[in-house]
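The lines below spell out each chain.
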Amino acid sequence: MREVDLKKIREYVMLCKSDQPVPRKEAAARELWTLALNNDYKVAIVSAGAIPALVLLCRQPPSGKCAEYGARALWNLAINAENKVAIAEAGAVRPLVTLMTNGSVHCREAAAGAIRNLAVNEKNQEEIVAEGGVRPLVELCSAGDVAGAEVAARALWNLAYNSKKNQSKLVEAGAIGVLVTMSKDGGSDACREAAAGALRNLSYENDDARLDMVKNGAIPVLAEICVEGTEMSRIHAAALLKNLNSQPDCLRAVAAEFQLPDDSSKAAVDAAVESLL
């Protein structure tokens, strides 16, 4: 990396922390967001002390570009495992949740993207849930634009991974009905795929979530995805149907969808699901 690049990065970080006019801070934050797409620059940006500066920007008025660009830069930096920890320790979660709740459309998407990447870390998951991050993510799935809905569903997908406590919080927030609708009517293939993936994680070893999915009409939607969805959506839908088959009432409901006898075994219903792929 050229010395001039390192010098510019340090200048951008200093601007983000400064009392300079808002347009200059916005421009600096935008540059850091763009540079943070590059893995080599990620290291230099973090070394220059960018994380606290970007968190500070996220506390700016939620309708402005400073907060959006700060969140987008954190979104890119949070791909790295060590950065996930550092960003959370710098106090990012609370302002990001606030942006998801009160921000502009673009701010909400950017904050959800940062939360999505932070939520891969188990300790971060706990903080995101404790700070009230679940409900705004669910709301963004149904009320946001296509890009915001997709990234919010992927954040829920990560939060639901291997955590019954988080799964219960998602169920309480009404995530299942929203995700079922999104799986069917999402504005893009990526949206529908993200929703199906989130439902798949929600269904893992959680009978309450499985029953709620049946109640919310998931089975015919999933059967249709197995036939007409993208390759990844079909994989998620088939795995989810098999997860549902682990609960007796759900097994009977899936069997009925496939016009199988009420007393069909899980193996038989699983085979019917596989036949759609």
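Above this note sits the structure.
Residues numbered from 1 in each chain as written. Predicted model: local features only at pLDDT ≥ 70, side-chain atom pairs only at ≥ 80, totals over all residues. Heavy atoms only, no water.

Report on the environment of A155, specifying residues and quantitative values.
Summarising the element assignment, A155 is placed in helix α11 (residues 146–159). For A155, a relative accessible area of 0% corresponds to the buried category. For the pair formed by A155 and N243, sequence separation is 88 residues and the distance between their alpha carbons is 21 Å. Apart from residues no more than four positions distant in its own chain, A155 is found in contact with A112, I115, R116, A119 and L137. (Helix = DSSP H or I, 4+ residues; strand = E, 2+ residues; numbered from the N terminus. Buried < 20%, exposed > 50% of the residue type's maximum accessible area, 1.4 Å probe, protein only. Contact = heavy atoms within 4.5 Å.)

Before we move on, can you summarise the packing of aromatic side chains with the specific residues and values?
With the rule as written, the count across this model stands at one aromatic pair. Centre to centre, the rings of W33 and Y69 are 5.5 Å apart; their planes meet at 25 degrees, and the pair counts as stacked. Of this pair, W33 sits in helix α2 (residues 22–35) while Y69 sits in helix α5 (residues 65–77); the two residues are 36 residues apart in sequence, bridging distant segments of the chain. Its relative accessible area of 10% is what places Y69 among the buried residues. (Phe/Tyr/Trp six-rings, centres within 6.5 Å; stacked < 30°, edge-to-face > 60°.)

Can you break down the packing of helix α10 (residues 134–143) against helix α13 (residues 175–185) residue by residue, with the values?
Where α10 meets α13, the closest approach of the two axes is 10 Å, and the angle between their N-to-C directions is 30 degrees. In terms of orientation, α10 lies roughly parallel with respect to α13. In the packing of α10 onto α13, the handedness of the crossing is left-handed. Of α13, the residues touching α10 (which contributes V138, C141 and S142) are A175, V178, L179 and M182. Of the residues that constitute the contact of α10 with α13, the class distribution is six nonpolar, one polar and no charged. (Axes fitted to C-alpha atoms, helices over the stretch in contact; angles between N-to-C directions. Parallel < 35°, antiparallel > 145°, perpendicular 65-115°, else oblique. Left-handed = near helix turned anticlockwise from the far one by under 90°. Nonpolar A, V, L, I, M, F, W, Y, C, P; charged D, E, K, R; others polar.)

Nothing here speaks to function; it is geometry throughout.
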